[in-house]
Amino acid sequence: MKLGKSLRQYFSTKAESRRQEEASWDEDLVGGRNSKLWKNRVFWQGSLDSQGFSRAPVVEVRDIFRHCVRILGAYGNDIDGLIKPIREHEPQFDSRFVVDLHRPKAPRACPPYFIYVDHRYKEVSMYIRGLNLLHRRDYVVLLKNRKGEKPYEEGFVHHGMSEAAEWATEHVAPVLKEQLRSNKGYRLTIVGHSLGAGVAALFIMMLVKSPELVGLADPREIRAILFAPPRDDFLPRASTKSVKRVFLVTLPLSIFVYFTFWLKQTRQSKKDEEAQRLYPPGKVYHFVYKQPGRRGDRPIRARVVPSAEGRFERIVIPSPGTISNHSVLRLAKHLKKFDWPELKDAWLTSVLQTSKK
């Protein structure tokens, strides 16, 4: 009896300790951004980039979740390939409102995309696919960039991505304009993942500067949602130069390359650093589900960082593998476990029911 009671007390105490840990882990981080231990680390804890910032409003997280599910369709080769991954999470997705599915093959073209008209949320959306490792054309866009090669406004932009965005202003903007003209009062959302997020960021900047390209008078009716854009996780954090290094070096030299990269990063001047950095425009929603120094996943947290400048620049090597945190599918699965309050939203209810099947 005493043994049984002791075991119950042990597991009860452990469960309570776990609940308290999960309730406070968002703030319970090891070290700090400015301490000597963390300042020049070779491997950075990604959660520190948003440490101390406020939680994202639930309504905004739901909006991001909706587009996270739908951009999965951008990786399909045809309409069936578009519908299948979306309906695995959103059974009520209506493919009748996919008005354009295009896989451009022209030089300097935008990565494959589709356009969807959402009458429930009064929104015309364009979804741009990310890097496909089997498509040479994607590498051409990604690697076409040299420091200071492509000036824009008062700074510089990625050359290959900017050419793809310029192509979109010429070939995609007229289609978006027609859909917005047919659906008065709808707003425009450009969604991209990975390479597509970089293209979407530049495309949206061009549209905000000239909203008449899509027939809108108010640039506030135009927005972008970017998943893993340059430079918000391992792949985008790595610059074009470091990507080339990774492909060129052999495994025995990997440790030496990482050390050399870190040493150069700590010794270079502020001016040199700024010339090599890419920043996504707008605020950053940072989704964190790993606690530094702990195994396994924790309840996902969404933080809002006003600007990526000065953050999201160091390479992060997550324990499950480098590519895992770059996946929108992984994010969608984690968002199903988000601490959702009782929102009277038919879309969210239907999507969360798929996690129970």
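See the structure above.
Everything quoted here is computed from the prediction, not taken from an experiment. Residue positions within a chain follow its written sequence, with the count starting from 1. Reporting of local features is limited, given that this is a predicted model, to residues whose pLDDT is at least 70; pairs of side-chain atoms are given and counted only at 80 or more, and all residues count toward the totals for whole chains, interfaces and linings. The side-chain quantities take in all heavy atoms of the structure and omit both hydrogens and water.

Caption draft 1: Inspection of unusual backbone geometry at higher detail. You will see that Arg-108, though not glycine, has its phi angle at about 65°, which is positive. Among the structural elements, Arg-108 can be located in the loop between strand E1 (98-102) and strand E2 (113-118). Accessible area is worked out with a 1.4 Å probe on protein chains only. A residue is then buried under 20% of its type maximum, exposed over 50%, and partly exposed in between. The exposure class assigned to Arg-108 is partly exposed, which follows from its relative accessible area of 42%. Positive phi outside glycine occurs at Lys-122, with the angle close to 50°. Numbering goes from the N terminus for both helices and strands, where a helix is a DSSP run of H or I of at least four residues and a strand is a run of E of at least two.

Caption draft 2: Representation of the pairing of strand E8 (residues 284-288). For E8, a buried count of 4 out of 5 residues is recorded, marking the element as mostly surrounded by other parts of the structure. Strand direction decides the pairing type here: E8 and strand E9 (residues 301-305), joined by 5 bridges, are antiparallel. Bridge pairing links Tyr-285 to Val-304 in E9. One bridge is not enough; two strands pair if DSSP finds at least two bridges between them.

Caption draft 3: Geometry of the pattern of salt bridges. Salt-bridge detection follows one rule: a side-chain nitrogen of Lys or Arg within 4 Å of a carboxyl oxygen of Asp or Glu. According to the stated counting rule, one finds 13 salt bridges in the structure shown. Arg-70 is the partner of Glu-90 in a salt bridge, and the nearest nitrogen-oxygen pair spans 2.8 Å. Placement of the pair is Glu-90 in the loop between helix H4 (79-87) and E1 and Arg-70 in helix H3 (residues 58-70), with a sequence separation of 20 residues. Judged by relative accessible area, Glu-90 falls into the buried class, the value being 2%. Here Arg-70 and Asp-118 are joined by a salt bridge, their closest N and O atoms 2.5 Å apart. Placement of Arg-70 in helix H3 and of Asp-118 in strand E2 is noted, with a sequence separation of 48 residues between them. We note that Arg-70, like Asp-118, is buried.

Caption draft 4: Structural context of the packing of aromatic side chains. Classification of ring pairs uses Phe, Tyr and Trp, with its six-membered ring standing for Trp, and accepts pairs whose centres are within 6.5 Å; under 30 degrees between planes counts as stacked, over 60 as edge-to-face, and the remaining range as tilted. In this structure the tally under the stated criterion is 5 aromatic pairs. Between Phe-114 and Tyr-127 the ring centres are 4.8 Å apart and the planes differ by 20°, which places this aromatic pair in the stacked class. Here Tyr-127 lies in strand E3 (residues 123-128) and Phe-114 lies in strand E2, a separation of 13 residues in the sequence. Per residue, the accessibility class of Phe-114 equals that of Tyr-127, and both read buried. Grouped by ring-pair contacts, the aromatic residues Phe-65, Phe-338, Trp-340 and Trp-347 constitute a single cluster. By the criterion adopted, a ring carries a charge over it if an Arg CZ or a Lys NZ lies within 6 Å of its centre and within 35 degrees of its normal. Positioned above the aromatic ring of Tyr-121, the side-chain terminus of Arg-66 is 3.9 Å from the ring centre.

Shape descriptors only; they carry no functional weight alone.
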